[in-house]
Amino acid sequence: MEKIGSIMSNKKKVDIVIVGAGLAGLTAALELKKLNYSFVVLEARNRPGGRIHSTVTSDNVTIDLGAQWIGPHHKRMMRLIAEYGLQLIPTYRTGNTIYEMKGKRKKTKGKLPTLSPIAIADIMKMKRKIDKISRKVPFDTPWTSKLAQQLDKITLAEFIKTNSHTKAGMSFSKLLIEEALCANLYEVSALDFLWCIRAAGSIDHLLAAEDYWIAEGAETLINRIAESLGETIHLNQPVLRVMYDEKTVTVYTEKESWQAKKVIVTTPPNLLTRICFDPPLPASRVQLSERAGLPSVIKMICVYDQPFWREGGLSGTAYSDQNPVKLTIDSSPLDGRRGVLTVLIGGDSARQIESLPLESKQVEIKKALVRLLGEKAAFPIEMFEKDWSAEEWTRGGYGTHFATGVISQFGASLNSPIGPIHWAGTETASEWRMYMEGAIQSAERVTVEVINAIIKE
Ligand SMILES: Cc1cc2nc3c(=O)[nH]c(=O)nc-3n(C[C@H](O)[C@H](O)[C@H](O)COP(=O)(O)OP(=O)(O)OC[C@H]3O[C@@H](n4cnc5c(N)ncnc54)[C@H](O)[C@@H]3O)c2cc1C
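Below you will find a few notes about this structure.

### A word on the nonpolar core
Across soluble globular proteins, nonpolar side chains have a tendency to be buried as a group. Of all hydrophobic cores here, the largest spans 38 residues; its most connected members are I16, I18, L23, M77 and I225. Secondary-structure elements contributing two or more residues to this core are strand 2 (16–19), helix 2 (23–34), strand 3 (39–42), helix 3 (75–83), helix 10 (218–229) and helix 16 (436–456). With 8 residues, helix 16 is the largest single contributor of residues to this core. When near neighbours in sequence (up to four residues on either side) are disregarded, L23 contacts I52, M77, L80, I222, I225, M436, A439 and I440.

### Focus: a positive patch on the surface
Side chains of K125, R128, K129, K132, R135 and K136 sit close together on the surface and give a patch of like positive charge. Tracing the backbone shows K125 in helix 4 (residues 117–134).

### Re helix 10
An ideal rise of 1.5 Å per residue puts 16 Å on 12 residues; helix 10 measures up with 17 Å between its terminal C-alpha atoms. Within helix 10 the residues assigned to the buried category are A218, E219, T220, L221, I222, I225, A226 and L229. Two residues or fewer past helix 10, G230 is found with a positive phi of approximately 55°.

### Here we look at the site of the ligand
Taken together, 35 residues lie around the ligand, and E43, R51, V239, T426 and M436 are the ones closest in. In the model, an oxygen atom of the ligand is placed 3.4 Å from a nitrogen or oxygen of the G50 main chain. Within the backbone of W69, one N or O atom sits 2.8 Å away from a nitrogen atom of the ligand. Notes on the ligand: free accessible area 1,000 Å², of which the protein chains cover 98%. Of all the elements in the fold, those that place two or more residues in the shell around the ligand are helix 2 and helix 16. Its residues assigned to classes, the shell around the ligand comprises 20 nonpolar, 12 polar and 3 charged.

### Things to note about the pattern of salt bridges
Enumeration according to the criterion identifies 27 salt bridges in this entry. The partner of D192 in a salt bridge is R433, with the nearest N and O atoms 3.9 Å apart. Taken together, the residues span a long stretch of sequence, with D192 in helix 8 (residues 190–200) and R433 in the loop between strand 22 (421–423) and helix 16 at a distance of 241 residues. Both residues of the pair, D192 and R433, belong to the buried class. Bridged by salt links that share partners, the residues K75, R76, R79, E431, E437 and E444 form one connected network.

So, how was this worked out
- Residues numbered from 1 in each chain as written.
- Predicted model: local features only at pLDDT ≥ 70, side-chain atom pairs only at ≥ 80, totals over all residues.
- Heavy atoms only, no water.
- Core = buried A, V, L, I, M, F, W, Y, C linked by side-chain atoms within 4.5 Å.
- Buried < 20%, exposed > 50% of the residue type's maximum accessible area, 1.4 Å probe, protein only.
- Helix = DSSP H or I, 4+ residues; strand = E, 2+ residues; numbered from the N terminus.
- Contact = heavy atoms within 4.5 Å.
- Patch = residues over 30% accessible without salt bridge, like charges linked within 9 Å, V, L, I, M, F, W, Y side chains within 5 Å.
- Areas by Shrake-Rupley, 256 points an atom, 1.4 Å probe, with all protein chains shown as cover.
- Salt bridge = Lys/Arg side-chain N within 4 Å of Asp/Glu carboxyl O.
- Lys, Arg positive; Asp, Glu negative; His and termini not counted.
- Charge placed at Lys NZ, Arg CZ, Asp CG, Glu CD.
- Expected span 1.5 Å × (residues − 1).
- Near = heavy atom within 4 Å.
- Polar contact = N/O pair within 3.5 Å; in protein donor to acceptor, adjacent residues only side chain to side chain.
- Nonpolar A, V, L, I, M, F, W, Y, C, P; charged D, E, K, R; others polar.

Encoded structure:
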């Protein structure tokens, strides 16, 4: 009691408290710094970056264990990368891509596997249909769409089934979409997916989202931003309690308390339930958070002596609908001194292997890689693993995808301010939600919102 009493009496004051030092929190901080507002960023982890996290191999090759790729339409990310002097590497695409569907492994040079003309026509028709319907979903308020109720009643699995006319077309759509969302089709509402497409601009934009990656690792961008923000970032400070009225807010961690005019909360929506709000948040906001779990995802990095797949005429990109490996992509350094293969395991595949001992997990992964890329895949010199579902301050990845009935019923509360509380984070973005680009866009939106509210008072 004494300790709580002293935290409460030692309240420090700033204009704005930011909860979370992921890309959204840090971008909001950069914007506030430019405008000369005082702020503090309170971060639960012992590092900034949230879902962005890099490490190095034993011989100093940087690898990304969290977010990695960006696309040509990620203009905010491109700008930040240039501003902080980082280098972009185009994703290696020379050679054949592997598609493993229903147990059959196919090699192809183009963007589509070798399928019958009828199946290809079916896929192209589905693509046009998705783009067309997505344009009817407003990118900032999808719940207001005339189609919202109808699309939010059905899972993406039902949507794809209804709109496919060939088995091969349906299997291919499932393969690509499950990888992009990192979730099984049956887990996600059709409205959620169409909102993602709208927020990305089109399916083609989404398919280009893995065209580049940052040579120095995505966390280097985070660290450079964090350095420029200096002591305003307080690590190891999980926010436990937020007390507020119409005019002020006080934010408590175990060790600190901060009084401010506004608070910007950037945690993924599922983690809101870990913060005690006083008075309690409106029921719709709480119920939204309770329905906002992230899909399961494990990212593994296999490091080889050489990118051996290139010699065999393969690009290193392999999609599979078999468990556990869903996607592999070549992430080797430009100088080619090592072969680095990124391996993504999402949805039910992640759940199937997450509880295996590390060694058994690695055996399963290597077996799948041999099937996809050849015998040499059995001999990585190092393997790295990050199970994002087990991360206390994330609980999955890449981002929240809502099940049926959530967006149409509770979506409006996703980013509506409540008194002095404002919301950001990629889940609240109207452009590129679930991507790093979305985290930045959400931060730009919330900063304008907060400043305007302060000016009006
Ligand atoms: C495996 C994986 C791969 C991905 N790949 C890509 C990719 O290739 N390209 C891409 O663009 N995106 C990718 N993403 C998505 C991308 O990482 C996110 O969209 C983006 O980083 C989200 O940033 P954010 O700031 O909104 O949220 P977060 O990064 O989740 O930041 C929220 C922060 O809040 C902190 N926090 C939580 N609760 C509290 C609390 N109570 N008190 C204080 N702090 C708290 C967290 O620790 C975290 O630092 C990937 C994600 C994962 C997991």
